[in-house]
Amino acid sequence: MKIVVQFVVVIVVGLISSCTTSVKKTEAFDSGKKLAYCVEKTKASMSMLSFADSLPRNILQGQTAWNKVGIHDWCSGFWPGILWYAYEASGDSAILENARNFTEPLKGVLDVPVDNHDLGFMLYCSFGNGYRLTNDSAYHDFLLVAADSLATLYNPKVGTILSWPAMREKMGWPHNTIIDNMINLELLFWAAKNGGSHDLYDMAVKHAKTCMTTLVRPDYSIYHVAVFDTIDGHFIKGVTHQGYSDSSMWARGQGWGIYGYTMCYRETGKEEFLTMAEKLSDKFLERLPEDGIPYWDFDDPVILNSPKDASSAAVAASGMLELSTYMKDETLKAKYKDAAVALLECLSTNDYLSNDKNEAFLLHSTGHYPDGNEIDASIIYADYYYLEALLRLKKYYQE
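Below you will find a few notes about this structure. (Residues numbered from 1 in each chain as written. Predicted model: local features only at pLDDT ≥ 70, side-chain atom pairs only at ≥ 80, totals over all residues. Heavy atoms only, no water.)

This part takes up the side chain of serine 45. Secondary-structure assignment places serine 45 in helix α2 (residues 31-46). A polar contact is formed between the side chain of serine 45 and the backbone oxygen of glutamate 359, at a distance of 3.4 Å. When sequence neighbours within four positions are dropped, the list of residues in contact with serine 45 reads Trp66, Trp79 and Glu359. (Helix = DSSP H or I, 4+ residues; strand = E, 2+ residues; numbered from the N terminus. Polar contact = N/O pair within 3.5 Å; in protein donor to acceptor, adjacent residues only side chain to side chain. Contact = heavy atoms within 4.5 Å.)

Turning our attention to the sheet that holds strand β1 (residues 55-59). Two pairing modes exist for strands in a sheet, parallel and antiparallel, and in both the strands are linked by backbone hydrogen bonds. Pairing is antiparallel across the open sheet formed by three strands, whose spatial order is β2-β1-β8. Two strands in the sheet have a free side with no partner beyond their single neighbour: β2 (67-69) and β8 (378-379). (Pairing = 2+ DSSP bridges.)

What follows covers the nonpolar core. In this structure, Phe78, Leu123, Leu185, Tyr261, Met320, Tyr385 and Tyr386 are the most contacted members of the largest nonpolar core, which totals 128 residues. The biggest single contributor to this core is helix α14 (residues 380-398), with 11 residues. Leaving out residues up to four positions away in the same chain, phenylalanine 78 has contacts with Phe121, Cys125, Ile380, Tyr381, Tyr384 and Tyr385. Formed by seven residues, the second largest nonpolar core is a distinct cluster that contains Trp164, Met167, Ile178 and Val239. (Core = buried A, V, L, I, M, F, W, Y, C linked by side-chain atoms within 4.5 Å. Buried < 20%, exposed > 50% of the residue type's maximum accessible area, 1.4 Å probe, protein only.)

What follows deals with the pattern of salt bridges. Think of it this way: side chains of opposite charge can pair up when their charged atoms draw near. This structure, assessed with the given rule, holds 22 salt bridges. Ionic pairing is found between arginine 132 and glutamate 88, a salt bridge with its closest N-O pair at 2.8 Å. Residue arginine 132 is located in helix α5 (residues 119-134), and its partner glutamate 88 is located in helix α3 (residues 78-90); the two are separated by 44 residues in the primary sequence. Its relative accessible area of 24% is what places glutamate 88 among the partly exposed residues. A single salt-bridge network, built from bridges that share partners, covers Glu186, Lys193, Arg266, Glu267, Glu322, Glu388 and Arg392. (Salt bridge = Lys/Arg side-chain N within 4 Å of Asp/Glu carboxyl O.)

In this section: the environment of glycine 269. As for its position among the elements, glycine 269 is in the loop between α10 (251-268) and α11 (271-286). For glycine 269, a relative accessible area of 41% gives the class partly exposed. Each C-alpha atom, one on glycine 269 and one on tyrosine 326, is 9.9 Å from the other, the two residues being 57 residues apart in sequence.

We now examine the sheet that holds strand β6 (residues 225-228). Spatial strand order, β5-β6-β7: three strands in an open sheet with antiparallel pairing. Taken across any chain shown, the strands that pair with only one partner, and hence form the sheet edges, are β5 (175-178) and β7 (235-239). Neighbour to neighbour, the strand axes of the sheet diverge by 20 degrees on average, direction disregarded. (Axes fitted to C-alpha atoms, helices over the stretch in contact; angles between N-to-C directions.)

A few words now on the pairing of β6. Burial of β6 is two-sided: the residues Val225 and Val227 facing one way and the residues Ala226 and Phe228 facing the other way are all buried. In this structure, β5 lies alongside β6, joined through four bridges in antiparallel fashion. Note on β6: the bridge partner recorded for asparagine 176 is valine 227. Bridging between β6 and β7 involves four bridges; their strand directions are antiparallel. Note that in β7 the partner of phenylalanine 228 across the bridge is phenylalanine 235. The loop that links β6 with its antiparallel partner β7 comprises six residues; one of these, glycine 233, has a positive phi angle of about 85 degrees.

Within helix α4 (residues 93-103) the residues assigned to the buried category are Ile95, Leu96, Asn98, Ala99, Phe102 and Thr103. Seen end-on, α4 carries its buried residues on one side only, within an arc spanning 165 degrees. Turned more than 90 degrees off the buried face of α4, the exposed positions are Ser93 and Glu97. For α4, the N-terminal cap is aspartate 92; the gap from its side-chain oxygen to the backbone nitrogen of alanine 94 is 2.8 Å. (Arc of directions from axis to C-beta.)

Shown next as structure tokens:
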């Protein structure tokens, strides 16, 4: 029997998801069981992967096995990151060996000129988790080089890291910064604390502050892309690339914002970042559809026929779980924790778990809808943040 439980705080103007209303208590969600599911699925994928520089990216409709990419794809760090998390969850020595083997080839990412703002996704998810779990000094030293490499894309006139160098000529964007780039700041913060220059910390803080007044709209929805002038650094306009329109609320972008500003508060203690993370979370929760998982863009005019994006739910869940731990008010702590668990509950139903359908953890993510890529697919970063969120929830109840 399903028992309806009211949140301690009502999410204003929001629709409370069917997953949320079926929760007896947040403790009733068995994160341990879902962690075990992820570990077993990880081991099954391990048995199908022969080359450590050929990395899972997606499984499209009608497929059962991972499509793979090389080390220079922006998603290359997520499979090694999943291996590190699966090792953390299980202590399995075979997973540890695979984590090392699939992390090592990513050193080649820095063998080419730096033109990719996603070095954080690629190298912090892999080497960063590896260093956290093993204290391997070689990982430490490589991460410092990676952070310095990422810093070469920082424009002090603008105050942000350049996201897509190729877009300057293609789209006429002199300097562009995307909301996704908030996640890459973690690499700079880590380096500044672990032997790198304090300038890296200053760059990350300035980037986050600049994005608060450019990428974030007054209503706390988020542009995908901010375009800046390079002469005096002024903000020209906000546009989309992967969302429905320049004025729409792209679901995963909102998730990146929640996750990124929560992380920035953790690393700096600056209250403005914590407040921003709250406001972005509230906007996300306010717009959730009745079944609890966002469509790819909250403003798609044919919304009921639009594909879902499980990845945005996983990113937001992980971010809000961490956000809840920084709330001094117990009511707010419960609000964000319960909302995150509700998202995980929805993702953990048979509607979204792949089970024996394919090699991934999750179904129904959307990568780049306007470009027709990875629509209603299993995507590696959805699995990464789902597993991360499950581990965070487990730790939440252990502390």
